[in-house]
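# Notes for the structure review
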Amino acid sequence: DAGITQSPRHKVTETGTPVTLRCHQTENHRYMYWYRQDPGHGLRLIHYSYGVKDTDKGEVSDGYSVSRSKTEDFLLTLESATSSQTSVYFCAISDETGGNTIYFGEGSWLTVV
Amino acid sequence: GESVGLHLPTLSVQEGDNSIINCAYSNSASDYFIWYKQESGKGPQFIIDIRSNMDKRQGQRVTVLLNKTVKHLSLQIAATQPGDSAVYFCAENDEYGNKLVFGAGTILRVKS
């Protein structure tokens, strides 16, 4: 295991409600990522962080925000959940970006009804 | 468990045979490539990586081949086992070299 804990692992929520997913790492890695995975789409980057309070958008960032107040924690927030955000969300970490391995957590299954 | 590969290409192999999973990449400037394995209900797991200054790299029962001329990457699994059944993803670094871009994946099914 890469020392990544995601919570909650499963959640069902109603359309329009806020949802926060948490990622906690014990590896002291600089980079943290949030991906979503949908059938036929592979893994798509939502947001990533390259340090405390340093974040940037990925390819599917609309409707999501992130925060990183500590090295070990990276939060993903859906301000007002929609059914299109039903997905599996993976947190990932890496020492460096681009040319280095990233390691994934076990995923958070989110259903918006 | 939940399925993340409803419309992915599928490779079926007999237990004990060798498997070859292929991946075409798009960015000719990519200098880093990686293969992941994802079992049902779990997160992607690192298998092996390769940099563009290499053509081949071997791990335990796995080999990655890189053909930069035709922008093709392959993963070879020797003596495939039932535990190898999973979805396999290739990834490359993006045009700026700072993020990984993932392929859609290939399902590997091992028949006993």
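Since we're looking at a predicted model, the values are computed, not measured.

With that out of the way, let us pick up the overall build of chain A. Each helix and strand in chain A was counted, giving 0 helices and 11 strands. Each helix and strand of chain A, placed in order from N terminus to C terminus, yields the pattern β-β-β-β-β-β-β-β-β-β-β. The C-alpha atoms of chain A give a radius of gyration of 13 Å, which matches the 13 Å a tight globule of 113 residues would have. Burial status across chain A gives 51% buried among its 113 residues. Total accessible area computed for chain A in this model is approximately 5,000 Å², and 45% of it derives from carbon and sulfur atoms. Charge centroids of chain A, computed over 10 positive and 14 negative side chains, lie 4 Å from each other.

Another point: the interface of chain B and chain A. Every contact between the two is made by 25 residues of chain B and, on the other side, 23 residues of chain A. Taking both partners together, chain B and chain A bury about 1,900 Å²; carbon and sulfur atoms supply 59% of that area. At the junction of chain B with chain A, the criterion picks out 0 salt bridges. Our count for the chain B to chain A interface comes out at 4 residue pairs in polar contact (both at pLDDT 80 or more). If you list the elements that add at least two residues to the side of chain B that touches chain A, you get β3 (32–38), β4 (45–51), β8 (86–93) and β9 (100–102) of chain B. Counting residues per element, the side of chain B that touches chain A draws most heavily on β3(B), at 4 residues.

What follows is about the confidence of the model for chain B. For residues with low pLDDT, the predicted coordinates do not support detailed interpretation. Of the residues in chain B, 92% have a pLDDT of 70 or more, and the chain-wide mean is 90. In this model residues 1–5 of chain B is a low-confidence stretch, pLDDT under 50, and it forms 12 contacts with partners more than four residues away in sequence or in other chains.

Turning next to the pattern of salt bridges. Overall, the coordinates contain 7 salt bridges over all chains when judged by the stated rule. Notably, a salt bridge pairs Arg57(B) with Asp49(B), separated by 2.3 Å at the nearest N-O pair. Looking at Arg57(B), the relative accessible area reads 35%, which means it is partly exposed. Asp49(B) gets classed as buried once you look at its relative accessible area, which sits at 12%. When the shortest N-O distance is used, the salt bridge between Asp84(B) and Arg61(B) registers 2.9 Å. Here Arg61(B) lies in the loop between β5 (56–58) and β6 (62–67) and Asp84(B) lies in the loop between β7 (72–77) and β8, a separation of 23 residues in the sequence. It is possible to trace a salt-bridge network through shared partners that takes in Arg22(A), Lys70(A) and Asp73(A).

Attention shifts here to unusual backbone geometry. Of the consecutive residues Ser7(A) and Pro8(A), the connecting peptide bond is found in the cis state with omega at -5°. Of note in this structure, Arg61(B) is not a glycine but carries a positive phi near 65°. Backbone geometry at Lys71(B) places phi at a positive 55°, although glycine is not the residue there. Structurally, Lys71(B) is set in the loop between β6 and β7.

Residues and elements named next belong to chain B. As for its position among the elements, glutamate 92 is in strand β8. We note that glutamate 92 is buried and unpaired, the nearest opposite charge coming from lysine 71 at a distance of 8.0 Å. Of note is the side chain of glutamate 92, whose polar atom sits 3.3 Å from the backbone nitrogen of serine 26. Once residues within four sequence positions are removed from consideration, glutamate 92 is found in contact with Tyr25, Ser26, Asn27, Ser30, Tyr32, Phe33, Lys99, Leu100 and Val101.

Residues and elements named next belong to chain A. Within the secondary structure, threonine 13 sits in strand β2 (residues 10–13). The class for threonine 13 is buried, based on a relative accessible area of 9%. Of note is the side chain of threonine 13, whose polar atom sits 2.5 Å from the side chain of threonine 17. Setting aside chain neighbours within four positions, we find threonine 13 in contact with Val19, Ala81, Leu110, Thr111, Val112 and Val113.

A few words on the sheet that holds β7(B). Strands belonging to one sheet form pairs held by backbone hydrogen bonds; the direction of such a pair is parallel or antiparallel. Residue and element names in this part refer to chain B. Spatial strand order, β2-β7-β6-β5: 4 strands in an open sheet with antiparallel pairing. A single partner strand is all that each edge strand has here, and the edge strands are β2 (19–24) and β5. In this sheet, neighbouring strand axes are inclined to one another by 15° on average, regardless of whether the strands run parallel or antiparallel. Sheet analysis places β2 next to β7, joined by 6 bridges and oriented antiparallel. Directly across from isoleucine 20, in β7, lies its bridge partner glutamine 76.

Criteria and cut-off values
Residues numbered from 1 in each chain as written. Chains lettered and ligands numbered in written order. Predicted model: local features only at pLDDT ≥ 70, side-chain atom pairs only at ≥ 80, totals over all residues. Heavy atoms only, no water. Helix = DSSP H or I, 4+ residues; strand = E, 2+ residues; numbered from the N terminus. Rg over C-alpha atoms; globule rule 2.2 N^0.38 Å. Buried < 20%, exposed > 50% of the residue type's maximum accessible area, 1.4 Å probe, protein only. Areas by Shrake-Rupley, 256 points an atom, 1.4 Å probe, with all protein chains shown as cover. Lys, Arg positive; Asp, Glu negative; His and termini not counted. Charge placed at Lys NZ, Arg CZ, Asp CG, Glu CD. Contact = heavy atoms within 4.5 Å. Buried area = accessible area lost by both parts, 1.4 Å probe. Salt bridge = Lys/Arg side-chain N within 4 Å of Asp/Glu carboxyl O. Polar contact = N/O pair within 3.5 Å; in protein donor to acceptor, adjacent residues only side chain to side chain. pLDDT = per-residue confidence, 0-100. Pairing = 2+ DSSP bridges. Axes fitted to C-alpha atoms, helices over the stretch in contact; angles between N-to-C directions.

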